[in-house]
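# Architecture and fold: a report
Each chain, letter by letter, is given below.
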Amino acid sequence: MARKPADQSVDREDILWAAAEVLHRNGYEATTMKDIAAQVNLTAASLYHHFKNKDFLLLNVLEVGLDLTVAKLEAIVASDMTSAEKLAGMIRSHVVSVTGNVAVGAAMVFEIRAVLNVSGKNGDDKFMQEFVARRNQFFARRDCFEGLFRGVLEAGIETGEFRRVDADIVTKAILGAHNWVGVWFRAGGRLTGEQVADVMVDTWLAALRATD
């Protein structure tokens, strides 16, 4: 089948999801722009029309995955629910998001190092300035994402809904467990994504619930 030329309309989001799938299958180092282009029936030249290179494409994948998740969490945090209800909703939303697209979830676990390791190897100062600025924004956004969970946990401790724990460490433990779901979850397996989320909610709330 002939590849689509660069000037033919292509859905950018489709390219990102396809890139996530190829990265999940091959790993960052083994993946080429040609591999990703073939996944969406594009020429490699067409892909460069949308993304400067593989580094920028990976960063876009991570950005989109994070932004979709954060938007849902922010709505939960802004609600008038109790801290326990908010945490339950946030856990469920995050786990369902990860199981709904395990390729992006796995990229969050395995490909972050690739983004950190980009260091101007192409010698283009303008490129690096743009990439580093975008990369810094991504990690700042990821810190905000973590802060949403930590803030709800701290609020629940203050209201007595949760027992006193190290909120920073527990937050990292919760998110680490969620992110790893993207590594082992398989669609069509014993549990659906929603059922896995229910297990996570029950487990974390039981562990955090304040006792008399």
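Quick note: structure is the one above.
Throughout what follows, the structure given in this document is the object of discussion.

Scoring rules and cut-offs
Residues numbered from 1 in each chain as written. Predicted model: local features only at pLDDT ≥ 70, side-chain atom pairs only at ≥ 80, totals over all residues. Heavy atoms only, no water. Helix = DSSP H or I, 4+ residues; strand = E, 2+ residues; numbered from the N terminus. Buried < 20%, exposed > 50% of the residue type's maximum accessible area, 1.4 Å probe, protein only. Contact = heavy atoms within 4.5 Å. Areas by Shrake-Rupley, 256 points an atom, 1.4 Å probe, with all protein chains shown as cover. Lys, Arg positive; Asp, Glu negative; His and termini not counted. Charge placed at Lys NZ, Arg CZ, Asp CG, Glu CD. Axes fitted to C-alpha atoms, helices over the stretch in contact; angles between N-to-C directions. Parallel < 35°, antiparallel > 145°, perpendicular 65-115°, else oblique. Left-handed = near helix turned anticlockwise from the far one by under 90°. Nonpolar A, V, L, I, M, F, W, Y, C, P; charged D, E, K, R; others polar. Core = buried A, V, L, I, M, F, W, Y, C linked by side-chain atoms within 4.5 Å.

### Describing the overall build of the protein
The secondary structure content of the protein amounts to 10 helices and 0 strands. In sequence order, the protein lays out its α and β elements as α-α-α-α-α-α-α-α-α-α. Its C-alpha atoms give the protein principal-axis dimensions of roughly 65 × 40 × 30 Å. Each of the 212 residues in the protein was classed as buried or not, and the buried ones make up 43%. Considering only intrachain contacts with a sequence separation of at least 6, the fraction spanning at least 24 residues in the protein is 72%. Surface exposure of the protein reaches about 11100 Å², of which carbon and sulfur atoms provide 52%. Separation between the mean location of the 24 positive side-chain charges and that of the 28 negative ones in the protein comes to 5 Å.

### A closer look at the packing of helix H8 (residues 125-159) against helix H9 (residues 167-184)
Relative orientation of the contacting elements H8 and H9 amounts to 130°, with a least axis distance of 9 Å. Taken together, H8 and H9 sit at an angle that is classed as oblique. Handedness of the crossing formed by H8 with H9: right-handed. Contacts between H8 and H9 involve Phe145, Glu146, Phe149, Arg150, Leu153, Glu154 and Ile157 from the first element and Ala167, Asp168, Val170, Thr171, Lys172, Ile174, Leu175 and His178 from the second. Residue composition of the contact of H8 with H9, grouped by class: 8 nonpolar, 2 polar and 5 charged.

### Some remarks on the nonpolar core
The biggest cluster of nonpolar side chains holds 47 residues, and the ones touching the most others in it are Leu62, Leu87, Ile91, Phe138 and Phe149. Those elements giving two or more residues to this core turn out to be helix H4 (54-77), helix H5 (83-100), helix H6 (102-110), helix H7 (112-116), H8, H9 and helix H10 (193-208). Per-element tally for this core: the top contributor is H8, with 11 residues. Beyond its immediate chain neighbours, meaning those up to four positions away, Ile91 contacts Phe149, His178, Met200, Val201 and Trp204.

### With respect to the packing of H5 against H9
Each pair of packed helices can be described by the angle between their axes along with the distance between the axes. One can describe the packing of H5 onto H9 by two numbers: an axis separation of 8 Å at closest approach and a directional angle of 25°. Between H5 and H9, the angle falls in the class roughly parallel. The handedness of the crossing between H5 and H9 is right-handed. Contacts between H5 and H9 pair Ile91, His94, Val95, Val98 and Thr99 from the former with Leu175, His178, Asn179, Val181 and Gly182 from the latter. When the residues that make up the contact of H5 with H9 are grouped by side-chain class, the tally is 5 nonpolar, 5 polar and no charged.

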